[in-house]
Amino acid sequence: MREKKLKSVLIMARNAQSFVDFGQKSAGRILSRQPRPTAVVAGTTKSLTGLALAAAARMKVPDDISLVGFDDREEAVLMDPQLSTVRVTRKRSARLV
């Protein structure tokens, strides 16, 4: 992102009941941006799961949009198609913050 001078965009979803719900509610705001993003990096696999479910109703994942999450939870491999996640240990993620 730095190399291409891309800026990150923080998306907030009000009244989300769970991380999956947060991902689903965020999908509308993310996918309606112009130009439409070609990739999304989510903070957690659970929020990525919600985003993927909502995105799949509008487009082909991963053909139209690439989705990546953090924390390498089991949900990622249970999705169809499987989601990409980055394994970060708690000790390492604490250092990143």
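Look up a bit, the structure's there.
The following paragraphs examine the structure supplied in this document.

About the thresholds
- Residues numbered from 1 in each chain as written.
- Predicted model: local features only at pLDDT ≥ 70, side-chain atom pairs only at ≥ 80, totals over all residues.
- Heavy atoms only, no water.
- Salt bridge = Lys/Arg side-chain N within 4 Å of Asp/Glu carboxyl O.
- Helix = DSSP H or I, 4+ residues; strand = E, 2+ residues; numbered from the N terminus.
- Buried < 20%, exposed > 50% of the residue type's maximum accessible area, 1.4 Å probe, protein only.
- Contact = heavy atoms within 4.5 Å.
- Expected span 1.5 Å × (residues − 1).
- Bend = angle between axes of the 7 residues up to and from the residue.
- Pairing = 2+ DSSP bridges.
- Axes fitted to C-alpha atoms, helices over the stretch in contact; angles between N-to-C directions.

Quick notes on the pattern of salt bridges
Point 1. Summed over all chains, the structure comprises three salt bridges.
Point 2. For Asp21, the salt bridge goes to Lys25, with nearest N and O atoms at 3.4 Å. On the criterion of helical spacing, the pair formed by Asp21 and Lys25 is a turn pair, its members being four residues apart in helix α1 (residues 19-31).
Point 3. Classification of Asp21 by relative accessible area gives buried; the value is 16%.
Point 4. Among the ionic pairs, Asp63 bridges to Lys60, the shortest N-O distance being 3.6 Å. Across the pair, exposure class does not vary: Asp63 and Lys60 are exposed alike.

Section: unusual backbone geometry
Point 1. In the segment running from Gln34 into Pro35, the intervening peptide bond is cis, with an omega of -5 degrees.
Point 2. Topologically, Pro35 is positioned in the loop between α1 and β1 (39-41).

What about the environment of Pro81?
Point 1. Turning to its location among the elements, Pro81 is positioned in the loop between α3 (75-78) and β3 (84-86).
Point 2. Taking the C-alpha atoms as reference points, Pro81 and Ala52, separated by 29 residues in sequence, lie 9.4 Å from one another.
Point 3. Discounting chain neighbours no more than four positions away, the residues touching Pro81 are Val61 and Pro62.

Some thoughts on α1
Since there are 3.6 residues in each turn of an α-helix, residues three or four apart along the chain are aligned in direction.
Point 1. Relative to the 18 Å expected for 13 residues at 1.5 Å per residue, α1 spans 18 Å between its end C-alpha atoms, a close match to the ideal helical length.
Point 2. The sharpest bend along α1 comes to roughly 25 degrees, located at Lys25.
Point 3. Among all positions of α1, only Asp21, Gly23, Ser26, Ala27, Ile30 and Leu31 are buried.
Point 4. Residues of α1 that are buried in the fold lie against β1 and α2 (45-56).

As for the sheet that holds β3
Point 1. Strands sit in the order β1-β2-β3 across an open sheet of three strands; the sheet is parallel. A strand with exactly one partner marks an edge of an open sheet, and here the two such strands are β1 and β3. The average undirected angle you get between the axes of adjacent strands in this sheet is 20 degrees.
Point 2. Bridge analysis of strand β2 (residues 66-70) against β3 gives three bridges, and the strand direction is parallel. Bridge pairing in β3 places Gly69 opposite Thr85.
Point 3. Of the strands in this sheet, β1, β2 and β3 are in contact with α2, which crosses β2 at around 155 degrees.

Nothing here speaks to function; it is all geometry.
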